[in-house]
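# Structural description and commentary
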Amino acid sequence: QVRLVESGGGLVQPGGSLRLSCAASRTIFSICTMGWYRRAPGKQRELVAAITSGGSTNYADSVKGRFTISRDNAANMVYLRMSSLKPEDTAIYYCNAHNPWDNYDYWGQGTQVTVSS
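These notes cover the structure that comes with them. Each chain has its residues counted from 1, following the order in which its sequence is written. Reporting in this predicted model follows two pLDDT cut-offs: at least 70 for local features of residues, and 80 or more for side-chain atom pairs to be given and counted; totals over whole chains, interfaces and linings ignore these cut-offs and use all residues. Where side-chain values are given, they derive from all heavy atoms of the structure, hydrogens and water being excluded.

## Notes on the overall build of the chain
Which entries qualify depends on this criterion: Here a helix means four or more residues in a row that DSSP labels H or I, a strand means two or more in a row labelled E, and each is numbered from the N terminus. Within these notes, the globule rule equals 2.2 Å times the number of residues to the 0.38 power, and the radius of gyration is based on C-alpha atoms. Type-normalised accessible area, obtained with a 1.4 Å probe on protein chains alone, sets the label of each residue: buried when under 20%, exposed when over 50%, and partly exposed for intermediate values. The contact criterion used is simple: two residues touch if any of their non-hydrogen atoms lie within 4.5 Å. Throughout, the Shrake-Rupley method with a 1.4 Å probe supplies accessible areas, and for residues the shown protein chains are the sole cover considered. We score Asp and Glu as negative and Lys and Arg as positive, and we do not count His or the chain ends. We put the charge of a Lys on NZ, of an Arg on CZ, of an Asp on CG and of a Glu on CD.
Per the secondary structure count, the chain includes zero helices and 11 strands. Counted from the first residue to the last, the chain has its helices and strands arranged as β-β-β-β-β-β-β-β-β-β-β. Over its C-alpha trace the chain gives a radius of gyration of 13 Å, about what one expects of a compact globule, namely 13 Å for 117 residues. Judged by the C-alpha coordinates and their principal axes, the chain covers about 40 × 25 × 25 Å. Burial analysis of the chain (117 residues in total) assigns 42% to the buried set. Considering only intrachain contacts with a sequence separation of at least 6, the fraction spanning at least 24 residues in the chain is 54%. About 6100 Å² of surface is accessible on the chain, with carbon and sulfur atoms providing 47% of the total. Taken as two groups, the 12 positive and 8 negative side-chain charges of the chain have centres that lie 3 Å from each other.

Here it is in structure tokens:
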């Protein structure tokens, strides 16, 4: 079992920045691919960014160049640095841990990000 707790969401003006953090409860974190997903009102959940245990990353086209995902395996933490935020980035952001050994996905409870003037 892996418990994920997100933090760092909030209200920010367009063009602003936020950093989301996700704390994981178990050491299997180091083998998991970690991801950030988001669900905007009226839309389906989508992958924002992911980082493998080896540090390879991928991003949704809509956030490339603006968001950066990183992880600290020693601290069981994953981060999402978001800059040049746009109103369309408004969503609930969820931390995900994918265990490649059993293909099981763990989810956090989500943190709200609102981009508005």
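## Considerations on the sheet that holds strand 3 (residues 18-24)
Spelled out, the test is: When DSSP finds at least two bridges between two strands, those strands are taken to pair. Axes, fitted as lines to C-alpha atoms, cover a helix only where it is in contact. Angles between the N-to-C directions of the axes lie from 0 to 180 degrees.
Overall, antiparallel pairing links the four strands, which are arranged 1-3-8-7 in an open sheet. The strands lining the two open edges of the sheet, one partner per strand, are strand 1 (4-7) and strand 7 (67-72). Between one strand axis and the next, the sheet turns by 15° as a mean value, whatever way the strands run. Bridging between strand 7 and strand 8 (residues 77-82) involves six bridges; their strand directions are antiparallel. Residue pairing for strand 8: Asp72 is matched across the bridge by Met77.

## Examining the pairing of strand 5 (residues 46-51)
On any regular strand, side chains alternate: one points to one face of the sheet, the next to the other face. With five bridges joining them, strand 4 (residues 33-39) and strand 5 adopt antiparallel strand pairing. Paired with Arg38 across the two strands is Glu46, which belongs to strand 5. If you look at the hairpin formed by strand 4 and strand 5, you'll find six residues sitting between the two strands, and Gly42 has a positive phi there, around 75°. Here strand 5 pairs with strand 6 (residues 57-59) via three bridges, running antiparallel. Following the sheet pairing, Ala49 is matched in strand 6 by Tyr59. If you look at the hairpin formed by strand 5 and strand 6, you'll find five residues sitting between the two strands, and Gly55 has a positive phi there, around 100°.

## With respect to unusual backbone geometry
Trans peptide bonds make up the majority, and among non-glycine residues the majority have a negative phi. Phi at Ser84 is positive, roughly 50°, even though this residue is not glycine. The topology assignment puts Ser84 in the loop between strand 8 and strand 9 (91-99). The backbone of Asn103 shows a phi angle near 60°, a positive value even though the residue is not glycine. Position of Asn103 relative to the elements: it lies in the loop between strand 9 and strand 10 (104-107).

## As for the pattern of salt bridges
We apply this condition: Think of a salt bridge as a Lys or Arg side-chain nitrogen and an Asp or Glu carboxyl oxygen that are within 4 Å of each other.
The final tally for this structure, using the stated rule, is four salt bridges. For the salt bridge of Glu46 with Arg38, the shortest nitrogen-to-oxygen distance reads 2.7 Å. Given a relative accessible area of 6%, Arg38 falls into the buried group. The partner of Asp89 in a salt bridge is Arg66, and the shortest N-O contact between them spans 2.8 Å. Remark: Arg66 occurs in the loop between strand 6 and strand 7 and Asp89 occurs in the loop between strand 8 and strand 9; sequence separation between them is 23 residues. Accessibility assignment for this pair places Asp89 and Arg66 in one class, buried. If you follow the salt bridges from partner to partner, you end up with Arg38, Glu46, Arg66 and Asp89 in one network.

These values are about where atoms sit, not about what they do.
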